[in-house]
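Chain and residue survey
Letter by letter, the chains look like this.
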Amino acid sequence: MREFKSISGLYDGNLALSIAPALTPKGIEENPLFFHGEIVNPAIIAGGLLVLADIVSTRYFQYVPVAQKDPVLSAQGDRLRAECFSACNGVYARLDIFQTALDGEILYGTTNVDIGVKLRQALCKIKQGDKLKFLIGDEGWKSLHSKKLSDGTLLTDILIERPVQMPDRWIRALGNCAVLHQKMKYKFHLEGMQAKAFIAGLPPVTGKEQSGWLCPTKTGAILKLREEKDSVYISGLHRLSGLKRLMSHANRINFYAPEGSAPGQMMIEVCMSGASITLSLTAKSYEGYSGEGALLEALSDLETLECADRIDNELNFEPKIKLEKISASLGADKKNVHDAMELLAVSGKLGFDVHENAFFHRELPDDPDRVLKDNPRLVAAKKLMEDTVFVEDSLWYVKSGETNYRVIYPEGSGVENAKCTCTWYLKHRNSRGPCKHILAVKLRKGV
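Residues numbered from 1 in each chain as written. Predicted model: local features only at pLDDT ≥ 70, side-chain atom pairs only at ≥ 80, totals over all residues. Heavy atoms only, no water.

1. Description of a nonpolar patch on the surface
Applied cut-off: Any residue with relative accessible area above 30% and no salt bridge may belong to a patch, with like charges joined within 9 Å and the nonpolar Val, Leu, Ile, Met, Phe, Trp and Tyr side chains within 5 Å. Under the convention used here, a 1.4 Å probe and the Shrake-Rupley method define accessible areas, while residue burial counts only the protein chains that appear. A side-chain nitrogen of Lys or Arg and a carboxyl oxygen of Asp or Glu constitute a salt bridge if their distance falls within 4 Å. Secondary structure follows DSSP: runs of H or I at least 4 residues long count as helices, runs of E at least 2 residues long count as strands, and numbering of each begins at the N terminus. Exposure is judged per residue with a 1.4 Å probe applied to protein chains only, and the accessible area is read against the type maximum: over 50% gives exposed, under 20% gives buried, and values in between give partly exposed.
Taken together, the side chains of V389, V391 and Y397 present a nonpolar region at the surface, about 230 Å² in accessible area. Mapped onto the secondary structure, Y397 falls in strand β26 (residues 395-400). Accessibility expressed as a relative area gives 31% for Y397, which makes it partly exposed.

Pasting the structure below:
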């Protein structure tokens, strides 16, 4: 990831949050400018940043606090988006700050931003009614925080933060999330006091793991052992504990889950005035998004590469990218466009907003070898192609080591309907992406 050129600090009421050189529509900018103006709801924005800081420095499975990492910040014309993962990679978090919460022009670009421990302490001092001016640009994320103490004096603090970098595994995790989030469907919502009560009742981050079905009731939502209508399965209720910082600001909470009755990933969206925060949790608390393998099917289809390149040339930090619009613009088949957009997600170029039901564009440093480096199953599948033999009907043999694995790959079907005799498939089926033998058959069929 890109290096910070300065450090975060707070001096004489001026809060400066360091950002790295950014990727913008003009290319790499050493002195980027994302926003210059005033925050309308400073307490909400400060609370949202604190939630991200809490999540990014926490390992929820067998709780351990860890060193701080850097959220990814994208400016997209009508909103600012900050994204991060927990230290265990099992929780994805995104803070959306909309134009209605900002008095000033939002420009375009992507960078990573430094939020350290002492800066978090400074953000805790921002209260409702305070005035907060921001400059997100060449001098970092700078603000003037106006707050008078009871004796009439102005609060003055000095702090210095050590900049850190975004882990490379986040790139793969962002890509997997973009695929998995497309399967999320709205289930139910809570409003007003019910929303606040739900957050207030969440267990602490160090609490005993609670899993089950969140079921809507007349008074809110309750965790039950069995599925009910519109319920959402959650593994590790304590993984939502960071939302407590925003309890008083929550207007509505939307709950999402994949279609079908089997327990899987879940998503929660907290809507506030001028902002929202989204948390997405893996199917099991000990699993991480960087290991889901959701992109492997798209990556193994070489026909999508050309379409992906054409789409990449059209991207310009849009907050909402509709499949139909891209398909019409390129004159390409919708399925090919969809597969190509999933392929672009592997380099962190695209995220998926479930509420908007649309992709959004961010730009991270490109690594041509990342597709293979981050997907060892794809590397292994390519090596097995020469030892993959068609037998009859939908039956294939794939030799790996001294063993011949039987793969059933129905004609005209995708990998989700394929079966294999290997240990990986018997354990996970296709819930965490296809095994290397099924991928080898898919690649062989495409030759």
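2. With respect to the sheet that holds strand β17 (residues 211-217)
Strands belonging to one sheet form pairs held by backbone hydrogen bonds; the direction of such a pair is parallel or antiparallel. What counts here: Two strands pair under a simple rule: DSSP has to find at least two bridges between them. Axes, fitted as lines to C-alpha atoms, cover a helix only where it is in contact. Angles between the N-to-C directions of the axes lie from 0 to 180 degrees.
Reading across the sheet, the three strands line up as β18-β17-β19 and stay open at both edges, with antiparallel pairing between neighbours. Two strands close off the open sheet at either side, each with one partner strand: β18 (220-224) and β19 (232-235). Looking at each pair of strands side by side, their axes are set apart by 35° on average, direction ignored. Bridging between β17 and β19 involves four bridges; their strand directions are antiparallel.

3. Observations regarding the pairing of β17
Examined bridge by bridge, β17 and β18 share five bridges and lie antiparallel to one another. From the neighbouring strand, T217 faces β18, where its bridge partner is G220. Count of turn residues in the β17/β18 antiparallel hairpin: two residues.

4. Focus on the pattern of salt bridges
What the rule picks out here adds up to 15 salt bridges. Among the ionic pairs, D353 bridges to R81, the shortest N-O distance being 2.7 Å. In this pair, D353 sits in strand β23 (residues 350-353) while R81 sits in strand β9 (residues 79-85), placing the two residues 272 residues apart along the sequence. Residue classification places D353 among the buried positions, given a relative accessible area of 3%. For the salt bridge of R362 with E83, the shortest nitrogen-to-oxygen distance reads 2.7 Å. With R362 in the loop between β24 (358-361) and α9 (370-373) and E83 in strand β9, the pair connects residues that are 279 residues apart, well separated along the chain. Here the two residues R362 and E83 agree in accessibility, since each one is buried.

What is shown is where atoms sit, not what they do.
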